[in-house]
Amino acid sequence: IIEGVIFFVLAATGARFALVKLIPEPVRIATPAGIGAFLAHLGLQTAEGIGVVVSDVATAVTLGACPLEKRTPVVAYDEACQAEG
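About the criteria used
Residues numbered from 1 in each chain as written. Predicted model: local features only at pLDDT ≥ 70, side-chain atom pairs only at ≥ 80, totals over all residues. Heavy atoms only, no water. Helix = DSSP H or I, 4+ residues; strand = E, 2+ residues; numbered from the N terminus. Contact = heavy atoms within 4.5 Å. Areas by Shrake-Rupley, 256 points an atom, 1.4 Å probe, with all protein chains shown as cover. Pairing = 2+ DSSP bridges. Buried < 20%, exposed > 50% of the residue type's maximum accessible area, 1.4 Å probe, protein only. Axes fitted to C-alpha atoms, helices over the stretch in contact; angles between N-to-C directions. Parallel < 35°, antiparallel > 145°, perpendicular 65-115°, else oblique. Patch = residues over 30% accessible without salt bridge, like charges linked within 9 Å, V, L, I, M, F, W, Y side chains within 5 Å. Salt bridge = Lys/Arg side-chain N within 4 Å of Asp/Glu carboxyl O. Expected span 1.5 Å × (residues − 1). Bend = angle between axes of the 7 residues up to and from the residue.

(A) Seen up close, the overall build of the protein. Of the regular secondary structure elements, the protein holds four helices and two strands. What you see in the protein, going N to C, is helices and strands ordered as α-α-α-β-β-α. Taking the intrachain contacts of the protein between residues at least 6 apart in sequence as the baseline, contacts between residues at least 24 apart amount to 0%. Carbon and sulfur atoms form 69% of the exposed surface of the protein, whose accessible area is close to 7300 Å².

(B) Representation of the pairing of strand S1 (residues 53–56). Examined bridge by bridge, S1 and strand S2 (residues 60–63) share four bridges and lie antiparallel to one another. When the sheet's bridge partners are listed, Ser55 is paired in S2 with Val61. Where S1 hands over to S2, the hairpin turn is made up of three residues, counted between the paired strands.

(C) Region of the structure containing the environment of Thr62. By the element assignment, Thr62 lies in strand S2. Residue class for Thr62 comes out partly exposed when judged on its relative accessible area of 34%. Along the sequence, Thr62 and Val52 sit 10 residues apart, while their C-alpha atoms lie 8.3 Å from each other.

(D) Looking closely at the packing of helix H1 (residues 2–13) against helix H2 (residues 15–22). It is at 5 Å that the axes of H1 and H2 come closest, and there the two elements cross at 90°. In terms of axis orientation, H1 runs roughly perpendicular to H2. Side by side, H1 and H2 meet where Phe7, Leu10, Ala11 and Thr13 of the first sit next to Ala15, Arg16 and Leu19 of the second.

(E) Structural detail: a nonpolar patch on the surface. On the surface, a nonpolar cluster with roughly 680 Å² of combined accessible area is contributed by Ile1, Ile2, Val5, Ile6, Phe8 and Val9. Structurally, Ile6 is set in helix H1.

(F) Helix H3 (residues 25–43), seen in detail. End to end, H3 covers 28 Å across 19 residues, agreeing with the expected 27 Å (1.5 Å per residue, within 8%). Along H3, the sharpest kink reaches roughly 30°, centred on Thr31 and followed within four residues by the proline Pro32.

And the structure:
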């Protein structure tokens, strides 16, 4: 609740706009890209994702392989699906 009140006061007085303008434009543009890259990295890891990114001793992360028997198909398209249309 306190954060909401502070944000409301900053927005109502125009101070929020002034604070945002203090951040350099390249940082404002690059921040969403960095967050997106981080989320993509999390999604591509082995534990919760598809296993494209794995740990490596030399470089901390590297490209991995996801064996066919470990993959979860997004859509199980087989003869039964084809027959039903």
